[in-house]
Every structure is written in C-alpha cells, then in structure tokens.
Amino acid sequence: MILPENGKNKGGLGLALVMCPGWGVIQPPVGISYLKSYLEGYGKKVKCFDLSLELYKVFPEKRYWDLNYPEHFILPQLFQRDVLPSLKPYLALWAEEILRYNPKVVGFSLFMSSVNTSLLLAKELKKAKADLLIVAGGAEVTRAKRVAADGICGFTPINDDIFTTFDLLIDGEGEEALLEILCSLERGEDVYSAKGICYLKGNKVIANNTRALIEDLDVLPPPDFSDFKLGEYTRAELPFVTSRGCVNRCTFCADSPLWKVYRHQSPRKVFEEIQFLVRHYGRNQFEIVDSTFNGNVRRVGEICDLIIKSKLNIQWSAKVTLREEMDLPLLEKMKKAGCSSLAYGVESGSPRVLKNMRKNTNLDTAKRIIRHTHRVGIQANCFFIIGYPTETEEDFQMTLNFIEENARFIYRFDQVTGCHLEEDSYLGLNLEKYGIELKDDGWYSKDSTPSTRKARYDRFRKLARKLHKHYECEVQA
Ligand code: SF4
C-alpha cells in the first residue's frame, strides 16, 4: 500500500475520532488531537469528540473522573450501577451528533477506563448506520491483542466485545495505520490488509504484520485542539508531546514497553511547535506529556537555548528521570526557559528496591537533583510507590526517611501510589518470579499485601500531613 504524499488527496473521506468517558478532564485528549492534525495534513476530514468532558459536565458524581480511581468506569458492577443510568440517555444523542458529520469511519481511543462506554457507543453507531467502519486503538487494544495471542490475562479480564464490536483494532501508533485504512476505503481496496491491525474472522483473531514505528517524529504536525472547548478543561496548560517511549525499562512501568523504543523530536521542531501553540491558541502555559522529557539530556538544553534566545514568555512542566546529567547549570537554564515544575519518579528511599525496580538511578543523584531543582526555583514534585513486591518494612522506613530528609526541597508528592501492577509491565508479566499471587482483594507477595500497602500508605499520609505537604495520592489493593 503506497501512502499519499502530505497535502495530497484533498477532500478525503471523513473520520470521527472519539474519546469516551472515563477519561480525564484536566486537558484535551492529546492523542486524537495529534491524529487529527496528521491526517488532515493528508487531506482527510477529521472531527474529534471529547465525550468524556461532555458527560462530566452533566454527571452528578464528578469524582469518578479522577483517573487515580477509575474503577467506576472499569469494574462491570460499579459501571452498571453507578455510571450506566446517567450515561444511557446520551448514547443515542452522541451517535446522532457524530453521524451528523457523515463520517465513513469512526475511531475510538481505548483505555481500560474508556472501554465500557466506547463499546456501548460503538454499538449505538452500528445500530444507526450498519455500514460504518468502526475502529479502535490505544493501550487496551495492545493488551487485548496480546491476551488473544498468548491467552495470559492476569488482571482485569479483556472484554471480548472488543473483538466483536469494532471492525478493526489498531495496535501501536495510529497515524499511518489510519491513513492507510482511509486511503484503502477511498480507493475501494481491502481495509483488512493494513499493517498493524487485528480483527476477528470467524472465531479467530487475525493479527496482520506489525507496522514499523515512525522513525522521524519531526514529520508529525502539532496537535490540533480546534474541536475542543479549551476553556472547559480544569487546567490551563495545553499538553503536547516531544518524544515517544523511554530510555529506561522500570519493572513496574507499562508505558515504556508499549512504545518499544525511545524516539524524540529535534530541538528546532519542539521549539517551532511551542511557537505555533502560543500563536494559534493564545496560551503560554504548557505541559510536556512525554513519558520522560529528558531521555536525551542534551536535547533538553538545546530546546531551552532556543526558547531563551527567542525571549518567548512561557511556562511549562514535564516529567523527567533522575539522571546524573541533570546538573545545576542545566536546571538554571530550564528555569530561564520557563520551566515551572518537574515531576521526578523517585519511587523508593531504599537502594535495594530501586535496584530491583531497575530505576537506573541512585539516591545521592536523586537528592542532589531535587535540591538543585528547588534552589533554581522550579517546583520539584516527586512520585513514590508504596508496597513494591519486594519492599520490606525496613525499605519502607527508608522511603519515609528520604521524604523527611528532603521534604524542604520537595514541592508536592505527585501520585504516591500503592504499587499498582500493570499487566504489560515486567512485573505484570513475571508474577511467578516475584512470588505474586492474585486474589480477589488484590495481589500478594511475601513482603507486600493489600493490608501492608494500606498501612504503609496511612503512615505516609501521616508523615505528609506532618510535613504540611500537598499530595495527590491513591492506594490500590
Ligand atoms: S523512567 Fe518512567 S517512563 Fe521510563 S520506564 Fe521508568 S517509570 Fe516508565
């Protein structure tokens, strides 16, 4: 299949991209915003819908949209009891609204928390227009495809309706796959031959050859937020992405394996994208939503140099890893370039646990970077994980000691979580090796159980109160 050159094929087939509840309402959904701008660059007509925000506005229980606690959208019983009654009246209305744009294809972004609502809406759309091609992509598709291939599903079961409801599932990056599907449709060719997709044929899940990753991320245009009501999101920062993947492979992380390899945009491209967003949306606050912004530390410095030279007046935040090269001069430069806060995954105060997590850092580096971040006037926000499978009482006490010792320099505890097992992480795929047993009330290892995690979390909370820190936290069994 030969893809068209950018800018060709004007007036192509229509695609609706839908983000269903529950998805967060702090910022517009960035993934479908990128897909829209990429596909429109090839002349396709694309309309995005953030139905999660729409439902949030009318829903009585706003707390369900806290993505630290997505269980009301995930767990069937809670979903049926607490979400469905208020959601139901909107499904037909949403389907009608989407079909008003006469799309030939509707694409859903599937995450664990958006699967149930996406399936219901997809069924409603099919009922209204049987010949509509309905596709889905996202992390839950990758999980569903893996489970279909190896049959192993340790945690939340895959909803089999995913395979029977969506015509095609896109595993991995959506840009080129969607473009190929739209072009095939236009030319009357077979859409089921596209690379990187899977689909149900009879009782069998067919997975086509995987699609190569986009090597040069500079080819991607800036996100297009024009279909979203930007003033209705809870945060002013506009999100954007400068890289995909991560240089690390922490054992608990499913994000890094999902993207396979680390790729990033050039400093010039990042800078031009920021300039575009400032000009186009009149915003000067941004959040770089990369898995890790400093996968290439030199690049961070070069981006900052460009911002400083241009005298662009912006503020931005990012998640970064605790790398040796994050020295004082670089942090000073980042501050000068408008960096207002950095989120660091410290995770534990125990060297033994950090090593087991494959964090690729050490506590001396962590301390130095956190203190320097504070010194230059950037907020240092820290993530910690409570109850990692091998975390003993002694290890946990070391985490509390680390927090206490460095509290003066930490602005906020950003997401202190009871260790959540991500199914596609190294931990999730190696339960036996870690002696992890899954039970109805959560997972158990020799050193970590739902009750130890709860007790440790309570102790963290007590300490955080004592330290008068803000914290955003969750405990998952
Ligand atoms: S540094 Fe962050 S994004 Fe990278 S592997 Fe570790 S947890 Fe995942």
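Residues numbered from 1 in each chain as written. Predicted model: local features only at pLDDT ≥ 70, side-chain atom pairs only at ≥ 80, totals over all residues. Heavy atoms only, no water.

A.B. asks: Help me understand the site of the ligand, please; the structure alone is not making it clear to me.
C.D. replies: Around the ligand, a shell composed of C246, N248, R249, C250, F252, C253, S256, S291 and T321 is seen. The residue inventory of the shell around the ligand, partitioned by class, reads 4 nonpolar, 4 polar and 1 charged. (Near = heavy atom within 4 Å. Nonpolar A, V, L, I, M, F, W, Y, C, P; charged D, E, K, R; others polar.)

A.B. asks: Just to check I follow, could you spell out the sheet that holds strand β5 (residues 168-170) for this structure?
C.D. replies: Sheet strands pair via backbone hydrogen bonds, and the direction of the pair is either parallel or antiparallel. Reading across the sheet, the 7 strands line up as β2-β1-β3-β4-β5-β6-β7 and stay open at both edges, with mixed pairing between neighbours. The outermost strands of the open sheet, each flanked by one partner alone, are β2 (45-50) and β7 (204-207). Neighbour-to-neighbour, the strand axes of the sheet open up by a mean angle of 25 degrees, direction not taken into account. Here strand β1 (residues 14-19) runs beside β2; their pairing, made up of 6 bridges, is parallel. Among the inter-strand pairings, V18 is bridged to a residue of β2, identified as F49. Taken strand by strand, helix α1 (residues 30-41) contacts β1, β2 and β3 (105-109), and its axis lies near 170 degrees from that of β2. (Pairing = 2+ DSSP bridges. Helix = DSSP H or I, 4+ residues; strand = E, 2+ residues; numbered from the N terminus. Axes fitted to C-alpha atoms, helices over the stretch in contact; angles between N-to-C directions. Contact = heavy atoms within 4.5 Å.)

A.B. asks: What's the story with the packing of helix α15 (residues 393-406) against helix α17 (residues 450-466) in this structure? I'm lost.
C.D. replies: Each pair of packed helices can be summarised by the angle the axes make with each other and by the distance between the axes. In the contact formed by α15 and α17, the axes pass within 11 Å of each other and the chain directions differ by 15 degrees. One finds that α15 runs roughly parallel with respect to α17. Crossing of α15 against α17: the hand is right-handed. Between α15, through E393, F396, Q397, L400, I403 and E404, and α17, the contact on the second element is made entirely by R456, R459, F460, L463 and K466. Class assignment of the residues belonging to the contact of α15 with α17 gives a composition of 5 nonpolar, 1 polar and 5 charged. (Parallel < 35°, antiparallel > 145°, perpendicular 65-115°, else oblique. Left-handed = near helix turned anticlockwise from the far one by under 90°.)

A.B. asks: I'm lost on the pairing of strand β14 (residues 379-386) in this one. Help?
C.D. replies: Moving residue by residue along a regular strand, the side chains alternate between the two faces of the sheet. With 7 of 8 residues buried, β14 lies mostly within the body of the structure. In the sheet, strand β13 (residues 339-347) pairs with β14 via 6 bridges, with the strands oriented parallel. By the bridge assignment, A343 is partnered in β14 with N381. (Buried < 20%, exposed > 50% of the residue type's maximum accessible area, 1.4 Å probe, protein only.)

A.B. asks: Would you take a moment to explain the packing of aromatic side chains for this structure?
C.D. replies: The relative placement of two aromatic rings is captured by the distance of their centres and the angle of their planes. Counting across every chain of the model gives 19 aromatic pairs. With 5.0 Å between their ring centres and 80 degrees between their planes, W65 and F73 make a pair best called edge-to-face. Classification of W65 as buried rests on a relative accessible area of 5%. Accessibility expressed as a relative area gives 1% for F73, which makes it buried. Among the aromatic residues, those joined into a cluster by ring pairs are Y56, F59, Y64, W65 and F73. The positively charged end of K439 is found above the aromatic ring belonging to Y444, 4.3 Å away from the centroid. (Phe/Tyr/Trp six-rings, centres within 6.5 Å; stacked < 30°, edge-to-face > 60°. Lys NZ or Arg CZ within 6 Å of the ring centre and 35° of its normal.)

A.B. asks: Explain the confidence of the model for the protein chain to me, please; I cannot follow it from the model alone.
C.D. replies: Low pLDDT marks regions whose predicted coordinates should not be analysed in detail. Averaged over the protein chain, the pLDDT score is 91; the fraction of residues at 70 or greater is 94%. For this predicted complex, the interface score ipTM comes out at 1.00, alongside a pTM of 0.91. (pLDDT = per-residue confidence, 0-100.)

A.B. asks: Sorry, what's going on with the environment of E186 here?
C.D. replies: With respect to the helices and strands, the residue E186 is situated in helix α8 (residues 175-186). Exposure remark for E186: the relative accessible area of 32% places this residue in the partly exposed category. Put simply, E186 and K104 are 82 residues apart on the chain and 9.8 Å apart in space, counted from C-alpha to C-alpha. Among the polar contacts listed, one links the side chain of E186 to the side chain of K44, at a separation of 3.0 Å. (Polar contact = N/O pair within 3.5 Å; in protein donor to acceptor, adjacent residues only side chain to side chain.)

A.B. asks: Would you mind showing me how to read the pairing of strand β6 (residues 197-201) here?
C.D. replies: Relative to β6, β5 runs antiparallel, the two sharing 2 bridges. Looking at the pairing, I170 lines up with I197 of β6. Judged from the 4 bridges that link them, β6 and β7 form a sheet pairing that is antiparallel. Pairing of L200 across the sheet is with V205, part of β7. Counting the residues between successive antiparallel strands, the hairpin from β6 to β7 contains 2 residues, one of them, G202, with a positive phi of roughly 65 degrees.

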